[in-house]
Each structure stands twice: as C-alpha cells, then as structure tokens.
Amino acid sequence: PPAVAVAHARELAVVRDADRLDAMGAVGAARTFAFVGATGRPLVEGGAHFGDKLLRLVDCLGTAAGRELGRRRHALLERFAAALSEELAVGDEV
C-alpha cells in the first residue's frame, strides 16, 4: 500500500481508539448515567448499556497504546458494573 494510505489508516485507528476510550472508564460511566438521568430513563437502563456496548469496546481497539489504556478502563468498568448489579439486586430484595 502507498505510504499515504498507511499513514491515513494509522491516523484513523488513533482517532477511532480515542473515541472508544472516551466512552470507557469512569468518564464513560458518568456520561452513561448523565444521559439516562437527563432522558428520564430508569437506572437499570444505564447498567444494561455496560453489557450492550461499553464492555465490548475493549475488543475494538486498534492501536497498542489504545489497547493498554483500554484494558485499565475496561477493568474499572467491570468492577463498577458488578457493584451496580449487586446493589440493584439488593434493591429488588428490599
């Protein structure tokens, strides 16, 4: 492939990773629940978004740096999703 195409592909991968990383981690969780609250949806919909989208993003990262940052943010999202699920389940029992 021409050098310009390779450079362009790398730039696209970096931008794509940045967008995906922005949706992950603590900021991604905060954005999810800000949207859920602003639209008047139930809290459980925010939790469902983790499994539907956020927890899948780590497998879509295309650069080494993106994958490294993504692994850390993914781990945080997993811990948060587990804690949220546990707390919501306790709420159902009360």
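Whatever comes next refers back to the structure up there.
From a predicted model like this one, the values you see are computed outputs, not experimental measurements. (Residues numbered from 1 in each chain as written. Predicted model: local features only at pLDDT ≥ 70, side-chain atom pairs only at ≥ 80, totals over all residues. Heavy atoms only, no water.)

Visitor: Could you clarify how one ought to interpret the overall build of the protein chain in this entry?
Guide: On a plain count of helices and strands, the protein chain comes out with 4 helices and 0 strands. Listed by position from the N terminus, the elements making up the protein chain come as α-α-α-α. Scaling as 2.2 N^0.38, a compact globule of 94 residues should have a C-alpha radius of gyration of about 12 Å, whereas the protein chain reaches 16 Å, well beyond that. The C-alpha extent of the protein chain, read off along each of the three principal axes, is 65 × 25 × 15 Å. Out of the 94 residues belonging to the protein chain, those deemed buried represent 26%. The long-range fraction of contacts in the protein chain, counting pairs at least 24 apart against all pairs at least 6 apart in sequence, stands at 61%. Carbon and sulfur atoms make up 60% of the accessible area of the protein chain, which totals about 6300 Å². For the protein chain, the centre of its 12 positive side-chain charges and the centre of its 13 negative side-chain charges are spaced 10 Å apart. (Helix = DSSP H or I, 4+ residues; strand = E, 2+ residues; numbered from the N terminus. Rg over C-alpha atoms; globule rule 2.2 N^0.38 Å. Buried < 20%, exposed > 50% of the residue type's maximum accessible area, 1.4 Å probe, protein only. Contact = heavy atoms within 4.5 Å. Areas by Shrake-Rupley, 256 points an atom, 1.4 Å probe, with all protein chains shown as cover. Lys, Arg positive; Asp, Glu negative; His and termini not counted. Charge placed at Lys NZ, Arg CZ, Asp CG, Glu CD.)

Visitor: It is not clear to me how the environment of Leu-57 should be interpreted in this structure. Could you clarify?
Guide: Topologically, Leu-57 is positioned in the loop between α3 (43-52) and α4 (64-93). Leu-57 sits 34 residues away from Ala-23 along the chain, and the two C-alpha atoms are 8.4 Å apart. Among all residues touching Leu-57, those that are not within four sequence positions of it are Arg-20, Ala-23 and Met-24.

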